[in-house]
Amino acid sequence: MAAINDLIIQIEDKELRERIEQEFDKFSKQKKFGLVFEEHLPECVPLYDVPIKKGCKVAQKAGKINEFYTVMQVEGDNVYCTDKKESKVINFLKQDLVCIAEFGEPIYPYLKQIDSIYKSDDSELPTHALIQAENYHALQLLEYLYAGKVDCIYIDPPYNTGARDWKYNNDYVDSSDTYRHSKWLSMMKKRLLLAKRLLNPTDSVMIVTIDEKEYLHLGCLLEELFPEARIQMVSTVIAPGGASRFNAFNRTNEFVFFVMFGSAGPQPLPLSDDWKGNIKSGTRDTLRWRELRRASTNARRIDRPNLFYPIYLSNDGKKILGCGESPSLDDDYKSWKSPYKDSIIIFPIRPNGEEGNWQLSQNKLMDMYQKGYVRIGNLRGKETAFSYIAQGEQDKVENGLFPIIGRKDDGSIIVDDSNYEANYIPSTQWWINSHDATQNGTKLINNILGRGRFDFPKSLYAVHDAIRFFVANKQNAVIVDFFAGSGTTLHAVNLLNAEDNGKRQCIMITNNEVSDDEAKSLTSKGFKPGDAEWEKLGIANYVTWPRTVCSINGKDIKGEDLKGNYIGSDIPMAAGFKANTVFFKLGFLDKTSVQLGRQFKELLPILWLKAGGWGKCPENEKLLKENVLPSYIILPENHFAVLIDEKFFSEFEPKLNAEKEIWTAFIVTDFEKGFKSMTKSLTVKKSYQLYRDYLDNFRINTERN
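These lines cover the structure that appears in this document, whether it is placed above or below. These numbers were taken from a predicted model, which means no experiment stands behind them.

## Section: the pairing of strand 13 (residues 230–237)
Regular strands show a simple pattern: their side chains alternate between the two faces of the sheet.
Argument step 1. When strand 13 meets strand 14 (residues 253–262), the two strands line up antiparallel, connected through 8 bridges. Its bridge partner lying in strand 14, Ser-235 is registered against Phe-255.

## Focus on the pattern of salt bridges
Proximity of charged atoms lets side chains of opposite charge pair with each other.
Argument step 1. Under the definition given, this model contains 27 salt bridges.
Argument step 2. In this structure, Arg-251 and Glu-212 form a salt bridge, with 3.3 Å as the shortest nitrogen-oxygen distance. Of the two residues, Arg-251 is situated in the loop between strand 13 and strand 14 and Glu-212 in the loop between strand 12 (203–210) and helix 5 (215–225); the sequence distance between them amounts to 39 residues.
Argument step 3. With a relative accessible area of 13%, Arg-251 lands in the buried category.
Argument step 4. Looking at Glu-212, the relative accessible area reads 31%, which means it is partly exposed.

## So, the sheet that holds strand 16 (residues 290–291)
Either a parallel or an antiparallel arrangement is found when strands of a sheet pair, and the pairing is made through backbone hydrogen bonds.
Argument step 1. As summarised here, the arrangement of the 3 strands in space is 16-21-20, forming an open sheet in which the pairing is antiparallel. A single partner strand is all that each edge strand has here, and the edge strands are strand 16 and strand 20 (374–376).
Argument step 2. Two strands pair when backbone bridges link them, and strand 16 and strand 21 (residues 386–388) are joined in this way by 2 bridges, in the antiparallel orientation. Bridged to Glu-291 within strand 21 is Ser-387.

## Focus: the side chain of Ser-486
Argument step 1. Mapped onto the elements of the fold, Ser-486 is located in the loop between strand 26 (478–481) and helix 10 (488–500).
Argument step 2. Apart from residues no more than four positions distant in its own chain, Ser-486 is found in contact with Ile-445, Phe-454, Pro-457, Ile-539, Val-543, Thr-544 and Arg-547.

## Some details on the sheet that holds strand 5 (residues 89–93)
Argument step 1. On the basis of which strands lie adjacent, the open sheet formed by 6 strands has the order 1-6-2-3-4-5 and antiparallel pairing. What marks the edges here is a single partner per strand, and that holds for strand 1 (44–47) and strand 5. On average, each strand axis in the sheet is tilted by 50 degrees relative to the strand beside it, whichever way the strands run.
Argument step 2. Where strand 2 (residues 57–60) and strand 6 (residues 97–102) come together, 3 bridges link them in antiparallel fashion. Paired with Val-58 across the strands is Cys-99, a residue of strand 6.

## A look at the packing of helix 9 (residues 460–471) against helix 10
Argument step 1. Across the interface, helix 9 lies against helix 10 with an axial gap of 9 Å and an inter-helix angle of 60 degrees. When the axes of helix 9 and helix 10 are compared, the pair comes out oblique. Once helix 9 is placed against helix 10, the crossing between them reads as right-handed. Of the residues in helix 10, those touching helix 9 at Leu-460, Tyr-461, Val-463, His-464, Ile-467, Arg-468 and Val-471 are Thr-488, Thr-489, His-491, Ala-492, Leu-495, Leu-496 and Glu-499.
Argument step 2. Split into classes, the residues belonging to the contact of helix 9 with helix 10 amount to 8 nonpolar, 4 polar and 2 charged.

## Overview of helix 9
Argument step 1. Between its first and last C-alpha, helix 9 extends 16 Å over 12 residues, near the 16 Å set by a 1.5 Å rise per residue.
Argument step 2. Buried within helix 9 we find Leu-460, Tyr-461, Ala-462, Val-463, His-464, Asp-465, Ala-466, Ile-467, Arg-468, Phe-469, Phe-470 and Val-471.

## Some thoughts on the pairing of strand 22 (residues 404–407)
Argument step 1. The pairing of strand 22 with strand 23 (residues 413–415) spans 3 bridges and is antiparallel. Within the sheet, the bridge partner assigned to Ile-404 lies in strand 23 and is Val-415.
Argument step 2. Where strand 22 folds back onto strand 23 in an antiparallel hairpin, the turn is made up of 5 residues, including Gly-411, whose phi is positive at roughly 95 degrees.

## A closer look at the packing of helix 10 against helix 13 (residues 539–553)
Packed helices, taken two at a time, are described by their axes: the angle between them and the distance between them.
Argument step 1. Close contact between helix 10 and helix 13 brings their axes to 9 Å; oriented N to C, the two are set at 20 degrees. Considering their axes alone, helix 10 and helix 13 lie roughly parallel with respect to each other. Crossing of helix 10 over helix 13 shows right-handed handedness. Taking contact as the criterion, the partners of Thr-488, Leu-490, His-491 and Asn-494 in helix 10 are, on helix 13, Arg-547, Thr-548, Ser-551 and Ile-552.
Argument step 2. Residue composition of the contact of helix 10 with helix 13, by class: 2 nonpolar, 5 polar and 1 charged.

## A closer look at a negative patch on the surface
Argument step 1. Where like charges cluster on the molecular surface, the negative patch consists of Asp-13, Glu-15, Glu-18 and Glu-21.
Argument step 2. Of note, Glu-15 is situated in helix 2 (residues 14–28).
Argument step 3. On the accessibility criterion, Glu-15 (59% relative accessible area) is exposed.

So, how was this worked out
- Going along each chain's sequence as written, the residues are numbered from 1 onward.
- With the structure being a predicted model, the display of local features is reserved for residues of pLDDT at least 70 and the display and counting of side-chain atom pairs for 80 or more, all residues being used for whole-chain, interface and lining totals.
- Remark: hydrogens and water are excluded; side-chain values derive from all non-hydrogen atoms of the structure.
- Here, a strand pair is defined by DSSP locating no fewer than two bridges between the strands.
- Under the DSSP-based scheme used, a helix requires at least four consecutive residues in state H or I and a strand at least two consecutive residues in state E, with every element numbered from the N terminus.
- Put simply, a salt bridge is a Lys or Arg side-chain nitrogen that is within 4 Å of an Asp or Glu carboxyl oxygen.
- Relative accessibility under 20% of the residue-type maximum defines a buried residue, over 50% an exposed one, and the middle range a partly exposed one, all with a 1.4 Å probe and only protein chains included.
- Contacts are residue-level and defined by heavy atoms, with any inter-residue pair within 4.5 Å sufficient.
- To obtain each axis, a line is fitted to C-alpha atoms, and for helices this fit is confined to the stretch in contact; angles are then taken between N-to-C directions over 0 to 180 degrees.
- If an angle is under 35 degrees, it is roughly parallel; if it is over 145, roughly antiparallel; if it lies from 65 to 115, roughly perpendicular; otherwise it is oblique.
- For any helix crossing, the convention is left-handed if the near helix is rotated counterclockwise from the far helix by under a right angle, and right-handed if that rotation is clockwise.
- Ten residue types, Ala, Val, Leu, Ile, Met, Phe, Trp, Tyr, Cys and Pro, are classed as nonpolar, four, Asp, Glu, Lys and Arg, as charged, and the remainder, Gly among them, as polar.
- What a helix should span is 1.5 Å times the count of its residues minus one.
- The patches reported here contain residues having more than 30% relative accessible area and no salt bridge. Joining distances are 9 Å for like charges and 5 Å for nonpolar side chains (Val, Leu, Ile, Met, Phe, Trp, Tyr).
- Every accessible area reported is derived by Shrake-Rupley at a probe size of 1.4 Å, with residue values counting cover from the shown protein chains alone.
- His is not counted, nor are the chain ends; Lys and Arg add positive charge and Asp and Glu add negative charge.
- Every charge is mapped onto a representative atom, which is NZ of Lys, CZ of Arg, CG of Asp or CD of Glu.

Written out as structure tokens, the structure is:
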């Protein structure tokens, strides 16, 4: 509708314009089913690395990025452009402009390494990555790298509060914007569709947090985009003291959507006492003995007549002698005779005198009795009760979670439960002290980076717990966050790995926006986006990366040891983490100036990530001396190799196969048959074909929207 309104305004005939407005107004008020919103195409992205040339699209750095121009001529520092209507030529200074691309136009990405931190020399530990980028294009690149391989996506998207908390097309969306909600939905839809391609369809989860402003719209959007998934929403308290709302209830909670694919589901975990009020019934910290007489549904004799039978108990109540056949419904069980002397006959008679049934068949009961899994209650004649442990509890005994330390007089086992920690799945209402965003989000960030660098970070433990329910049993999980913000997700993944010696890999994406106040201050001083003074205060450079480095080193921004332990563990914050992380910036190449040597130079970090991100990211300068391409490279420390010139395959093959630590091979060839023929003789786990033309390998943003 936004586009139609724009077109209606352009109608010069006033009478015709008013009539069309009236008819369109009637049409727009008609009831529609499902989630209906504007697509708001296109979005645009600045390409700071692409030189300004004749024919390219540009926008003013300090202006709205979707108000762009076409370059007609470049003369020194002057750039002559036409607007969208091509009605006039406008002169700009080159330093005030940036090339842009609309969504749908092909762009050619590369990863430029900005910084790195290596605190582990474990060659089998994958390296995390922080990518500074507009997340739509970074997601397109991740599709090449991780399609179908991601185990968990955790995102905390902008909540669209109307308080200038997010931008659309580089312009703040505030509460007065008529299309505020549809812009937000349009933005989310495009990114969620890309994210869907990353997830493992057989077993993965997407976790999305949101507050009351958009939770209804988000829920409908998720249902629409992921009909094959199981979706559940949790309400979680993040502000126990309450955040005030004008003329409304104080807000204490937000919502977490869990979008589960394939067999994915929350795993039972050992949880702190905080969770006990959120635990589903039926879980205990000790071995659970169940009543043998059925007490719930199908508990009458007529429901399960084969399970109505006599148990013969010794007169002293210490031994089960055996079981009898099930009498027919016509038989008088009250006159039943025992084949054993000095025994008591016990039928499953309910407390109200009704005929019931047992939980187990005769053979199953006696088999479990011999193992000590059946217990005799206090001797009460024909009313003596029996209990047993079900299969799940038997597994705990047999797996050593409940060590057997003795037996009772009736032969039932006695176990040691002093070291047992029960596993639980909580309910959908979470009120956990450690999830307090002020105490374990804002204060944590302030202690690391100092005050005022980032507003409203998530509690570290809220993210840690949400992810842990799905990756606790996946120590090699790949976790992605494309609204990384302050970097809480990577911090949480490092904490998870430290707790269980996991080797999970986290990929984070964030833009490098400065805050509204900082933007005003920088603009008043004459700085523009892209300037060094502007970029160093952006979130990626000023918050996300410093937090990552500080948390891994165990020191604050001043170099002093972090204080205290992580909640729920004995891990000191000052110990840091044995983790490796590389900080990249996503750049874009000018397709008309890409040289073969530069193609590979810019491609190498991408290949390193696709091969798993093992070891230190290879340094281009050491491999490509004076931009001269080698015929092949073999990198055992990174577990991958690249055949650049296929004429050297006969030399490449034996050298690669002699290296036991090469797991991935990239073959540069335009011929698919040749690629298949070469890979047959290689001993690697995975092989990928690369085309000689860089543009063919990474022609993103087209045919993928």
